[in-house]
Amino acid sequence: MSKYFKEIFKRDNGRCVYCCRDLMSDFEAFMIAEEDHLIPAAAGGPDEPQNIVIACAVCNRLKGKFKPEMSLNLNDLESRRKYIEVVRAYIMKRRAVKMADFASWTHPE
């Protein structure tokens, strides 16, 4: 966790910015709260509050190093909102694939 975790957690209302899971609903939910860099650190994303959001461990893993092919102005709330929407759509597609895999394991034909 960065030195900004508490500030970012509060800014994001204790919810995963991607799936909206309430990470304060219980201790286990809180323990899966992670920081996610909108622009991945591996792609040169800065380690500053504007580039970091709170995500649940599942969404953070599903996002991985995904970086949308769009510009992002970290200081513009509308730009960040649109960027997060694109990332959210990517995560939800990946989530659906993983859910189908899970269903095939739990309900084999």
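Residues numbered from 1 in each chain as written. Predicted model: local features only at pLDDT ≥ 70, side-chain atom pairs only at ≥ 80, totals over all residues. Heavy atoms only, no water.

A short note on the confidence of the model for the protein chain
So, step 1. When the pLDDT values of the protein chain are averaged, the result is 93; 98% of them are 70 or greater.
So, step 2. Mean pLDDT values for the elements of the protein chain range from 92 in helix 4 (residues 77–106) up to 97 in strand 2 (residues 52–56). (pLDDT = per-residue confidence, 0-100. Helix = DSSP H or I, 4+ residues; strand = E, 2+ residues; numbered from the N terminus.)

A closer look at the pattern of salt bridges
So, step 1. For the structure shown, the criterion picks out five salt bridges.
So, step 2. When the shortest N-O distance is used, the salt bridge between Arg61 and Glu34 registers 2.9 Å. With Arg61 in helix 3 (residues 57–63) and Glu34 in strand 1 (residues 33–37), this residue pair connects regions lying 27 residues apart in the sequence.
So, step 3. For Arg61, a relative accessible area of 54% puts it in the exposed group.
So, step 4. Salt-bridge contacts for Arg81 lead to Glu85; the nearest nitrogen and oxygen are separated by 2.2 Å. In this pair, Arg81 and Glu85 are both assigned in helix 4, four residues apart and thus about one turn of the helix distant. (Salt bridge = Lys/Arg side-chain N within 4 Å of Asp/Glu carboxyl O. Buried < 20%, exposed > 50% of the residue type's maximum accessible area, 1.4 Å probe, protein only.)

Comments concerning the packing of aromatic side chains
So, step 1. Counted under the stated rule, the structure contains three aromatic pairs.
So, step 2. When the centroid spacing of 5.7 Å and the interplanar angle of 75 degrees are considered together, the rings of Phe9 and Phe30 count as edge-to-face. Taken together, the positions of Phe9 in helix 1 (residues 5–11) and Phe30 in helix 2 (residues 27–31) put the pair 21 residues apart, joining distant regions of the chain.
So, step 3. Taken together, the ring pairs connect Phe5, Phe9 and Phe30 into an aromatic cluster. (Phe/Tyr/Trp six-rings, centres within 6.5 Å; stacked < 30°, edge-to-face > 60°.)

Structural notes on helix 4
So, step 1. Taking 1.5 Å as the rise per residue, helix 4 with 30 residues should run 44 Å; its terminal C-alpha atoms sit 41 Å apart, in good agreement.
So, step 2. Tucked into the core, helix 4 has its buried residues touching helix 1, strand 2 and helix 3. (Expected span 1.5 Å × (residues − 1). Contact = heavy atoms within 4.5 Å.)

Things to note about the pairing of strand 2
So, step 1. Taking burial as the measure, the five residues of strand 2 include five buried ones, the bulk of the element.
So, step 2. Here strand 2 shows two buried faces, one formed by Ile52, Ile54 and Cys56 and the other by Val53 and Ala55.
So, step 3. Sheet analysis places strand 1 next to strand 2, joined by five bridges and oriented antiparallel. For Asp36, the partnering residue across the bridge sits in strand 2 and is Val53. (Pairing = 2+ DSSP bridges.)

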